[in-house]
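Now for the letters of each chain:
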Amino acid sequence: MTIRIAMWSGPRNISTAMMRSWESRVDTSVIDEPFYAFYLAQTHSPHPGFDEIVAAQSTDFEQVVRELTEKPCDSPLQYQKHMTHHMLAGVDLTWTAGLRHCFLIRDPAQVVLSYTNSRGVCSAEDIGINRQAELYREISGITGQDIPVLDSNEVQNAPETILPRLCERLDVPFSDSMLAWPRGPRDSDGVWARHWYHNVERSTGFSPYRKKSLPLDDAQQEVVTQVQVSYDSLWQRRISP
């Protein structure tokens, strides 16, 4: 029976690089942001490629859930990359009971700056950090799992240490193949890849994080302030190097 792993992240994290890492395993298939079309259909948020995304994926929440939990899978492991802001408040989360979960976080200042550079605007709702903390509590209660949390900067600087610990917490074997992958796009990438995946398509592994100045304006700093407590609550639970 396939083990289904759900990684919950906000945007402008290393979520796609992490998906590359898992897809490089011979025993793992991946699913890229399966609730993206549902989210857009519900919110009408003006994301790049809106019409293309809605046409490419189901907007029916229950249908997506069935595909993620019941659809047969040929690989021993299935890795699902989820964006926390796609999981709108009030949706039924009981489907998460049969999955093994992990959470990926990133310093809010880094997220806000990167997101603004990509889209020109950024709100607390756009980056999903507050929703991420809510989902951690809700999914922990549903599953009873002691859900592991990864900080993206620490993963970048010590993947050979943190990824084996993650696999141990998920009760799956670690593979050295998770540390590197071929350059380029993947058939498994969502149709939105051309808008967001330029950097990861050039990558062949996790690049070390180098601390740099983060020149935030007042509006950006206000978004950071709105999500900082949620980030801190998850950071305290992280797998440390």
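The rules behind these values
- Residues numbered from 1 in each chain as written.
- Predicted model: local features only at pLDDT ≥ 70, side-chain atom pairs only at ≥ 80, totals over all residues.
- Heavy atoms only, no water.
- Helix = DSSP H or I, 4+ residues; strand = E, 2+ residues; numbered from the N terminus.
- Rg over C-alpha atoms; globule rule 2.2 N^0.38 Å.
- Buried < 20%, exposed > 50% of the residue type's maximum accessible area, 1.4 Å probe, protein only.
- Areas by Shrake-Rupley, 256 points an atom, 1.4 Å probe, with all protein chains shown as cover.
- Lys, Arg positive; Asp, Glu negative; His and termini not counted.
- Charge placed at Lys NZ, Arg CZ, Asp CG, Glu CD.
- Pairing = 2+ DSSP bridges.
- Axes fitted to C-alpha atoms, helices over the stretch in contact; angles between N-to-C directions.
- Contact = heavy atoms within 4.5 Å.
- Polar contact = N/O pair within 3.5 Å; in protein donor to acceptor, adjacent residues only side chain to side chain.
- Parallel < 35°, antiparallel > 145°, perpendicular 65-115°, else oblique.
- Nonpolar A, V, L, I, M, F, W, Y, C, P; charged D, E, K, R; others polar.
- Phe/Tyr/Trp six-rings, centres within 6.5 Å; stacked < 30°, edge-to-face > 60°.
- Lys NZ or Arg CZ within 6 Å of the ring centre and 35° of its normal.

(A) Structural context of the overall build of the chain. When helices and strands are tallied, the chain shows 12 helices and five strands. The C-alpha radius of gyration of the chain comes to 17 Å, within 12% of the 18 Å expected for a compact globule of 241 residues. Across the 241 residues of the chain, 54% fall into the buried class. As presented, the chain carries roughly 11000 Å² of accessible surface, and 49% of it is formed by carbon and sulfur atoms. Of the charged side chains in the chain, 23 are positive and 31 negative, and the gap between their average positions amounts to 5 Å.

(B) Spotlight on the sheet that holds strand β2 (residues 28-32). Judged by pairing direction, the sheet is parallel, and its five strands sit side by side in the order β2-β3-β1-β4-β5 without closing on themselves. In the strand order of this sheet, the two ends are held by β2 and β5 (149-151), each with one partner. Strand-to-strand, the axes of this sheet are offset by a mean angle of 20°, without reference to chain direction. Where strand β1 (residues 3-9) and strand β4 (residues 100-105) come together, five bridges link them in parallel fashion. Bridge assignment links Trp-8 to a residue of β4, and that residue is Phe-103. Of the strands in this sheet, β1, β4 and β5 are in contact with helix α7 (residues 129-143), which crosses β4 at around 165°.

(C) Geometry of the environment of His-44. As for its position among the elements, His-44 is in the loop between α2 (36-43) and α3 (50-56). Judged by its relative accessible area of 57%, His-44 falls in the exposed class. Those residues in contact with His-44 that lie beyond four places of it in its chain are Tyr-39 and Phe-50. Of the polar contacts made by the side chain of His-44, one reaches the backbone oxygen of Ala-41; its length is 3.4 Å.

(D) Structural context of the environment of Arg-119. Its place among the elements puts Arg-119 in helix α5 (residues 108-119). Beyond its immediate chain neighbours, meaning those up to four positions away, Arg-119 contacts Ser-45, Pro-46, His-47, Pro-48, Asp-126 and Trp-196.

(E) How the structure looks around the side chain of Ser-152. On the secondary structure map, Ser-152 appears in helix α8 (residues 152-157). The contact partners of Ser-152, leaving out residues within four places of it in the chain, are Asn-13, Ile-14, Leu-104, Ile-105 and Arg-106.

(F) Here's a closer look at the packing of helix α1 (residues 15-23) against helix α9 (residues 159-170). Contact pair α1 / α9: the axes reach a minimum separation of 13 Å and the direction vectors enclose 70°. Between α1 and α9, the crossing angle belongs to the class labelled roughly perpendicular. Of α9, the residues touching α1 (which contributes Met-18, Ser-21 and Trp-22) are Leu-163, Leu-166, Cys-167 and Leu-170. Grouping the constituent residues of the contact of α1 with α9 by class yields six nonpolar, one polar and no charged.

(G) Spatial organisation of the environment of Ser-152. The class of Ser-152 is buried, set by a relative accessible area of 0%. Taking the C-alpha atoms as reference points, Ser-152 and Leu-104, 48 residues apart in sequence, are found 6.6 Å from one another.

(H) Examining unusual backbone geometry more closely. Although it is not a glycine, Glu-33 adopts a positive phi angle of roughly 45°. Assignment of secondary structure puts Glu-33 in the loop between β2 and α2. When its relative accessible area of 6% is taken as the criterion, Glu-33 is described as buried. Despite not being glycine, Asp-171 shows a phi value in the positive range, around 60°.

(I) Representation of the packing of aromatic side chains. Scanning the entire structure with this criterion turns up 11 aromatic pairs. Centre to centre, the rings of Phe-35 and Phe-38 are 6.4 Å apart; their planes meet at 75°, and the pair counts as edge-to-face. In terms of burial, Phe-35 and Phe-38 fall into one category: buried. Clustering of aromatic rings is evident, with ring pairs tying together Trp-8, Phe-35, Phe-38, Phe-61, Trp-95, Phe-103 and Tyr-136. One Lys or Arg, Arg-238, reaches over the ring of Trp-235 and ends 3.6 Å from the middle of that ring.

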